[in-house]
Amino acid sequence: NAGVTQTPKFRILKIGQSMTLQCTQDMNHNYMYWYRQDPGMGLKLIYYSVGAGITDKGEVPNGYNVSRSTTEDFPLRLELAAPSQTSVYFCASSYPGQNYGYTFGSGTRLTVV
Amino acid sequence: QKEVEQDPGPLSVPEGAIVSLNCTYSNSAFQYFMWYRQYSRKGPELLMYTYSSGNKEDGRFTAQVDKSSKYISLFIRDSQPSDSATYLCAIGSGNNRLAFGKGNQVVVIP
């Protein structure tokens with residue numbers, strides 16, 4: 001059971017380039033989330049999804065887009081990368097109901113130069 | 001006022017000491033209280049979960065919740081070098097959205 005899988009683990013982008021961070025989970029979780037984590041700043045929610053075809057903005061959505069065509073996959077798209085998007089990105093998933101907490105992936109370290 | 005406050009200062013303790021971490025929150029609607037542990041260059045993993053005031057123990061770890069004061073704590077007894085990690089509190093109100101604290105980096109020195 002792989003849990004939440006994120007690819008790539010590391011990436012360096014040039015300013016203005018675009019990329020997609022992949023996230024897939026095999027636990028049949030309805031809810032999926034994208035966070036960014038910057039040193040000393042904690043986890044900030046970018047986007048989340050409560051099921052296939054349904055997505056919504058978190059607290060820092062600007063510069064990002066998401067889609068959720070299947071229960072398993074929740075890719076995060078960066079358009080026109082900027083140095084401010086240098087961060088560690090975590091995908092997470094959960095069942096409905098708070099009892100289970102979130103399962104996180106191992107993260108993608110992105111540097112924009 | 002932020003939903004969850006966790007002083008992000010690092011903490012160094014000698015092996016065997018008790019580690020004490022805490023968070024405060026502002027919204028009394030929060031009902032679910034969690035602590036996540038995050039090792040360096042890894043994703044957070046759920047360490048402790050509770051939804052009621054009082055103490056919950058799991059081995060060397062104790063999670064404490066005081067809803068009247070809106071205050072949660074994590075205690076680690078007999079700390080080990082393997083406990084060196086960042087600890088994040090997380091609080092939820094039942095809508096599957098968690099509010100995370102900024103995290104405390106704990107270093108246990110052998």
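The structure this text deals with has already been given above.
Chemist: I would appreciate a short explanation of the packing of aromatic side chains in the present structure.
Modeler: Two aromatic rings, taken as a pair, are described by how far apart their centres are and by the angle between their planes. Across all of its chains, the model carries 16 aromatic pairs over all chains by this definition. Judged by centre distance (6.2 Å) and plane angle (50 degrees), the ring pair of Y102 of chain A and F104 of chain A falls under tilted. We note that Y102 of chain A, like F104 of chain A, is buried. Ring geometry for F104 of chain A versus F100 of chain B: centroids 6.0 Å apart, planes at 70 degrees, classification edge-to-face. Here F100 of chain B lies in strand β10 (residues 98-100) and F104 of chain A lies in strand β10 (residues 103-104), a pairing that spans two chains.

Chemist: Looking at this structure, how should I read the pairing of strand β3 (residues 19-25) of chain A?
Modeler: It is a general feature of regular strands that their side chains alternate between the two faces of the sheet. All names here are of chain A. With burial as the criterion, only one face of β3 is covered, namely that bearing M19, L21, C23 and Q25; the residues T20, Q22 and T24 on the opposite face remain uncovered. Here strand β1 (residues 4-7) runs beside β3; their pairing, made up of four bridges, is antiparallel. When the sheet's bridge partners are listed, V4 is paired in β3 with Q25. Pairing geometry for β3 and strand β8 (residues 76-78), over three bridges, is antiparallel. Its bridge partner being in β8, T20 is matched across the sheet by R77.

Chemist: What should I look at first to understand the interface of chain B and chain A in this one?
Modeler: Frequently, the measure chosen for interface size is the accessible area that the parts lose on association. Each partner contributes to the interface: chain B provides 21 residues, whereas chain A provides 25 residues. Carbon and sulfur atoms supply 52% of the area buried between chain B and chain A, which totals about 1800 Å² over both sides. For the pair chain B and chain A, the number of links is zero salt bridges. Linking chain B with chain A are four residue pairs in polar contact (both at pLDDT 80 or more). Counting only elements with at least two residues in the side of chain B that touches chain A, the list comes to β4 (32-38), β5 (45-50), β9 (85-92) and β10 of chain B. Looking at the side of chain B that touches chain A element by element, the count peaks at four residues for β4 of chain B. When the residues that make up the side of chain B that touches chain A are grouped by side-chain class, the tally is nine nonpolar, eight polar and four charged.

Chemist: Is there a simple way to explain the sheet that holds β3 of chain A in this structure?
Modeler: Two pairing modes exist for strands in a sheet, parallel and antiparallel, and in both the strands are linked by backbone hydrogen bonds. Residues and elements named next belong to chain A. Sheet architecture is open: four strands sit in the order β1-β3-β8-β7, paired in antiparallel fashion. Edge positions in the open sheet fall to β1 and β7 (64-66), since each of these has one partner strand only. On average, each strand axis in the sheet is tilted by 20 degrees relative to the strand beside it, whichever way the strands run.

Chemist: Can you help me understand the sheet that holds strand β6 (residues 54-58) of chain B in this one?
Modeler: Residue and element names in this part refer to chain B. Spatially, the five strands line up as an open sheet ordered β1-β3-β8-β7-β6, and their pairing is antiparallel. Two strands in the sheet have a free side with no partner beyond their single neighbour: β1 (4-5) and β6. With two bridges connecting them, β1 and strand β3 (residues 19-25) associate as antiparallel partners. Bridging across to β3, V4 finds its partner in Y25.

Chemist: Is there a simple way to think about the state of the cysteines in this case?
Modeler: Each disulfide is one covalent bond, formed between the sulfur atoms of two cysteines. Under the counting rule described, the total for this entry stands at two disulfides over all chains. Residue pairing for C23 of chain A: its cysteine sulfur links by disulfide to C91 of chain A, the two sulfurs lying 1.9 Å apart. Here C23 of chain A and C91 of chain A share a disulfide; its torsion about the S-S bond, -70 degrees, makes the bridge left-handed. Residue C23 of chain A is found in strand β3, and its partner C91 of chain A is found in strand β9 (residues 87-94); the two are separated by 68 residues along the sequence. C23 of chain A sits in the buried class, given a relative accessible area of 2%. Each sulfur in the disulfide pair C23 of chain B and C89 of chain B lies 2.0 Å from the other. Because the torsion about its S-S bond is -100 degrees, the bridge between C23 of chain B and C89 of chain B counts as left-handed.

Thresholds, definitions, all that
- Residues numbered from 1 in each chain as written.
- Chains lettered and ligands numbered in written order.
- Predicted model: local features only at pLDDT ≥ 70, side-chain atom pairs only at ≥ 80, totals over all residues.
- Heavy atoms only, no water.
- Phe/Tyr/Trp six-rings, centres within 6.5 Å; stacked < 30°, edge-to-face > 60°.
- Buried < 20%, exposed > 50% of the residue type's maximum accessible area, 1.4 Å probe, protein only.
- Helix = DSSP H or I, 4+ residues; strand = E, 2+ residues; numbered from the N terminus.
- Pairing = 2+ DSSP bridges.
- Contact = heavy atoms within 4.5 Å.
- Buried area = accessible area lost by both parts, 1.4 Å probe.
- Salt bridge = Lys/Arg side-chain N within 4 Å of Asp/Glu carboxyl O.
- Polar contact = N/O pair within 3.5 Å; in protein donor to acceptor, adjacent residues only side chain to side chain.
- Nonpolar A, V, L, I, M, F, W, Y, C, P; charged D, E, K, R; others polar.
- Axes fitted to C-alpha atoms, helices over the stretch in contact; angles between N-to-C directions.
- Disulfide = S-S within 2.5 Å.

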